[in-house]
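Chain by chain, the residues:
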Amino acid sequence: MAESRYTFTGAERARELERLRRIEEIADPGSRHLLKASGMGPGWSCLEVGAGAGSIAAWMAERVGPEGEVVAVDLDVGFLAASQLPGVQIIEGDIRQLNLHAARFDVVHARYVLVHNAEHEALLDAMLAALKPGGRLVLEEPDFTAAKGASGAELEAFDRVNQAIVAMFEAGGKDPGIGLRLPAIVTSRGLAIELVENDAPLCQGGHPQAEVMRLSALQLRDPYLATGRISEVDLAGYARFAADPASWGIYYGTVGVVARKPAKTTD
């Protein structure tokens, strides 16, 4: 089994926490919507994979109440340990190597996890093994191939950096457009799709999503440059594009899926 290596491993801690908090600001409303659509409620047992800074795990704990259960798993729980997460059991490790007890959870949720792993099928195997028959799998993954500049003084730099982002993921054996394929991946495992949503907002410079991608470019400067697709000048132009209110662009899309694991059948 190949080692899991998160794209942002080695990122400066304070800057990475800032980036995670910005992602929570942008993505948490959509995640909560999908989890509500799954039926999650009081008494449910929930697994949050790749819990980041813990906002969704904390919200899950509030929603399922004291009679429910929330387990948050991450390769690095430093940001979780620093948070106040009552009602959340925190586990550090690779879900593929943890003994989480088969068919334990009513819902398993992961956001922007598969995209960072070349062996995403093995991660999906582990998530499905942890899910009860009839339980819900809630996944959210990006589509970086949807990125496109609309207007702005640094439009060419923006588009070149977007090409470098795609190339960086592909060079690591990862799928930068996995969001597009998410429904097909899930149905190929025999799950029944209950909801699919696609969000690819056109963002003005200074928008929280633009700021997240500006921070990501700062932290992933070396991998972006290593693709050979861009220069330092392009990175500087990308940062100006992301901050300029006169600039507009699509930074990435997000596809969300709610799917039901088949219930056990009796002969």
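A quick note: this is a predicted structure, and the numbers were derived from the prediction, not measured.

What about the overall build of the protein?
Okay, so step 1: Looking only at helices and strands, the protein has nine helices and ten strands in total.
Okay, so step 2: Here the C-alpha atoms of the protein give a radius of gyration of 19 Å, agreeing with the 18 Å that 2.2 N^0.38 yields for 267 residues.
Okay, so step 3: Seen along its three principal axes, the alpha-carbon backbone of the protein occupies a region of about 65 × 40 × 35 Å.
Okay, so step 4: Looking at the protein residue by residue over its 267 residues, the buried ones come to 51%.
Okay, so step 5: Considering only intrachain contacts with a sequence separation of at least 6, the fraction spanning at least 24 residues in the protein is 77%.
Okay, so step 6: As presented, the protein carries roughly 11700 Å² of accessible surface, and 51% of it is formed by carbon and sulfur atoms.

Brief notes about the sheet that holds strand β6 (residues 148-151)
Okay, so step 1: As summarised here, the arrangement of the three strands in space is β6-β9-β8, forming an open sheet in which the pairing is antiparallel. With one partner strand each, in any of the chains shown, β6 and β8 (202-204) form the two edges of the open sheet. Sheet twist, expressed as the mean angle between neighbouring strand axes with direction ignored, is 30°.
Okay, so step 2: With three bridges connecting them, β6 and strand β9 (residues 248-250) associate as antiparallel partners. The residue bridging Gly149 from the neighbouring strand is Gly249, located in β9.
Okay, so step 3: In the packing of helix α5 (residues 155-171) onto the sheet, contacts are made with β6 and β9, and the angle to β6 comes to roughly 170°.

Examining the environment of Glu140
Okay, so step 1: With respect to the secondary-structure elements, Glu140 resides in strand β5 (residues 131-143).
Okay, so step 2: When sequence neighbours within four positions are dropped, the list of residues in contact with Glu140 reads Ala27, Gly30, Ser31, Leu34, His109, Ala110, Arg111, Tyr112, Leu182, Thr254, Val255 and Gly256.

A short note on helix α4 (residues 120-130)
Residue pairs spaced three or four apart in an α-helix point in one direction, given the helix's 3.6 residues per turn.
Okay, so step 1: Within the span of α4, buried status applies to His120, Leu123, Leu124, Ala126, Met127, Leu128 and Ala130.
Okay, so step 2: Along its buried surface, α4 packs onto β1 (45-49), β4 (105-111), β5 and α6 (178-187).

Things to note about the sheet that holds β5
Okay, so step 1: With mixed pairing, seven strands are arranged side by side in an open sheet as β3-β2-β1-β4-β5-β10-β7. The open sheet has two edge strands with one neighbour each: β3 (88-92) and β7 (192-199). Taking each pair of neighbouring strands and ignoring which way they run, the sheet shows an average axis angle of 15°.
Okay, so step 2: Taken together, the four bridges between β1 and β4 define a ladder with parallel strand orientation. Paired with Cys46 across the strands is Val107, a residue of β4.
Okay, so step 3: The sheet strands contacting helix α1 (residues 13-37) are β4, β5, β7 and β10 (253-260), and the helix crosses β4 at an angle near 150°.

Here we look at the pairing of β4
Okay, so step 1: In terms of burial, β4 is largely enclosed, as seven of its seven residues are buried.
Okay, so step 2: Taking the sense of rotation as the criterion, the β-α-β connection linking β4, α4 and β5 turns out right-handed.

Digging into the nonpolar core
Okay, so step 1: Counting 55 residues, the largest nonpolar core has Leu47, Met127, Leu137, Leu139, Tyr224 and Tyr251 as the members making the most contacts within it.
Okay, so step 2: A per-element tally of this core places α5 first, with seven residues.
Okay, so step 3: What Leu139 contacts, discounting residues up to four positions off in sequence, is Ala110, Leu114, Leu124, Met127, Leu182, Val186, Val255, Gly256 and Val257.
Okay, so step 4: By size, the runner-up hydrophobic cluster in this structure holds 21 residues, among which are Cys46, Ala51, Leu85 and Val107.

Details of the packing of helix α7 (residues 208-219) against helix α9 (residues 232-243)
Okay, so step 1: Between α7 and α9, the least distance of the axes is 9 Å, while the angle of their chain directions is 160°. With respect to each other, α7 and α9 are oriented roughly antiparallel. Once α7 is placed against α9, the crossing between them reads as left-handed. Contact residues: α7 offers Ala210, Met213, Arg214 and Ala217, while α9 offers Leu235, Tyr238, Ala239 and Ala242.
Okay, so step 2: Its residues assigned to classes, the contact of α7 with α9 shows seven nonpolar, no polar and one charged.

Quick notes on the pairing of β1
Okay, so step 1: Counting buried positions over the five residues of β1 gives five, a clear majority of the element.
Okay, so step 2: Burial along β1 is two-sided: the face carrying Ser45, Leu47 and Val49 and the face carrying Cys46 and Glu48 are both buried.
Okay, so step 3: When β1 meets strand β2 (residues 69-74), the two strands line up parallel, connected through five bridges. Within β2, the position partnered with Cys46 by the bridge is Val70.
Okay, so step 4: The parallel pair β1 and β2, bridged by helix α2 (residues 55-64), forms a crossover whose chirality is right-handed.

The rules behind each value
- Residues numbered from 1 in each chain as written.
- Predicted model: local features only at pLDDT ≥ 70, side-chain atom pairs only at ≥ 80, totals over all residues.
- Heavy atoms only, no water.
- Helix = DSSP H or I, 4+ residues; strand = E, 2+ residues; numbered from the N terminus.
- Rg over C-alpha atoms; globule rule 2.2 N^0.38 Å.
- Buried < 20%, exposed > 50% of the residue type's maximum accessible area, 1.4 Å probe, protein only.
- Contact = heavy atoms within 4.5 Å.
- Areas by Shrake-Rupley, 256 points an atom, 1.4 Å probe, with all protein chains shown as cover.
- Pairing = 2+ DSSP bridges.
- Axes fitted to C-alpha atoms, helices over the stretch in contact; angles between N-to-C directions.
- Right-handed = clockwise from strand over helix to strand, strands pointing away.
- Core = buried A, V, L, I, M, F, W, Y, C linked by side-chain atoms within 4.5 Å.
- Parallel < 35°, antiparallel > 145°, perpendicular 65-115°, else oblique.
- Left-handed = near helix turned anticlockwise from the far one by under 90°.
- Nonpolar A, V, L, I, M, F, W, Y, C, P; charged D, E, K, R; others polar.

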